[in-house]
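What follows is each chain in one-letter form.
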Amino acid sequence: MPIWAVVNQKGGVGKTTTAVNFAAALASRGQRVLLIDADPQGNATTGVGADKTALSATLYEVLTECLPSEKAIIDTPYSGLQLLPSTLDLAGAEPSLLSTVGRETILRESLAEIRDRFDWIIIDAPPSLGILTINALAAADSVLIPMQCEFYALEGLSQLVKTFDLIKKRINPDLQIAKVLLTMYDKRNRLSLQVEEELRGYFGDKVARTTIPRNVRLSEAPGFGEPAVVRYPTSIGAKAYEEFVSEVLDA
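Fair warning: this is a prediction, and the values are worked out from it, not measured in the lab. (Residues numbered from 1 in each chain as written. Predicted model: local features only at pLDDT ≥ 70, side-chain atom pairs only at ≥ 80, totals over all residues. Heavy atoms only, no water.)

## Comments concerning the layout of surface pockets
Here's step 1: Roughly 470 Å³ of internal volume is contained in the largest pocket.
Here's step 2: What lines the largest pocket is a set of 30 residues, and nearest its centre among them are Gly 14, Lys 15, Thr 16, Thr 17 and Leu 218.
Here's step 3: Of all the secondary structure elements, the ones that give two or more residues to the lining of the largest pocket are helix H1 (15–28), helix H2 (43–47), strand E7 (176–185), strand E8 (207–213) and helix H9 (216–220).
Here's step 4: The dominant element in the lining of the largest pocket, judged by the number of residues it contributes, is H1, at five residues.
Here's step 5: By residue class, the composition of the lining of the largest pocket is 13 nonpolar, 13 polar and four charged.
Here's step 6: Considered as a void within the structure, the second largest pocket measures approximately 200 Å³ in volume.
Here's step 7: As for the second largest pocket, its lining consists of 13 residues, of which Val 62, Leu 63, Cys 66, Leu 67 and Ile 106 are closest to the centre.
Here's step 8: Going through the elements one at a time, helix H3 (59–64), helix H4 (93–97) and helix H5 (106–112) are the ones with two or more residues in the lining of the second largest pocket.
Here's step 9: Residues that form the lining of the second largest pocket fall into these classes: seven nonpolar, four polar and two charged. (1 Å grid on protein atoms, 1.4 Å probe; cavity = no way out; pocket = protein on both sides within 12 Å on 5 of 7 lines; lining within 4 Å. Points joined across faces, edges and corners; volume = space filled by probe spheres on them. Helix = DSSP H or I, 4+ residues; strand = E, 2+ residues; numbered from the N terminus. Nonpolar A, V, L, I, M, F, W, Y, C, P; charged D, E, K, R; others polar.)

Right, dumping it as structure tokens:
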């Protein structure tokens, strides 16, 4: 049962869009999926239709108050997809965990009790390399890195790889990079092709064959509290995520 952390310390690369659509597309194929929103912005929570004002518990209580994760998990409107939600409260977890022993592995220990109930656990990590992201990397078996096809994406990559290597060395020796997914891809754009070439040269076959194009439907769907693969299933963006899921499941 894989636990994948969707990680990139740079914002605006399609990280939450990837986590939400990947999770929803897996669930639509009969997989039992838990989506964990580990980003204080809580975009994955609203992206699958959860009402933040109606939540009785979130990831914040799991990390700071030792609440069993099963007590915070809620159903979503989508069959097979459950959610461990977050709100802005989660931003307060970092300072409150500073003096906690074993703070890097709290999420991993909490998930150990429930992981057998799911076929997949997808963690949407925040766009930073703080304690929340470290918890996500410590809990995961593998990392999915969405990479926007632009020059600055490559600049930030070395820092991300350093953090990955550090976590692997000190906390989670079994951690692997599962896939690097090119997002906002435009094959007519020379920069997209250059970024792709560099990434394939560095990561080899870990770079997904599937690429996610720029598509307005992907950014519109969260406004309706729905994944694009549900709201706009015939859009090129949704079809690309479905193709990516097929690539992962067929591997």
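Next comes the rest of the account.
## Overview of a nonpolar patch on the surface
Here's step 1: A cluster of nonpolar side chains, Phe 151, Tyr 152 and Leu 191, forms an exposed patch at the surface whose accessible area comes to about 320 Å².
Here's step 2: Within the secondary structure, Tyr 152 is located in helix H7 (residues 151–170). (Patch = residues over 30% accessible without salt bridge, like charges linked within 9 Å, V, L, I, M, F, W, Y side chains within 5 Å. Areas by Shrake-Rupley, 256 points an atom, 1.4 Å probe, with all protein chains shown as cover. Salt bridge = Lys/Arg side-chain N within 4 Å of Asp/Glu carboxyl O.)

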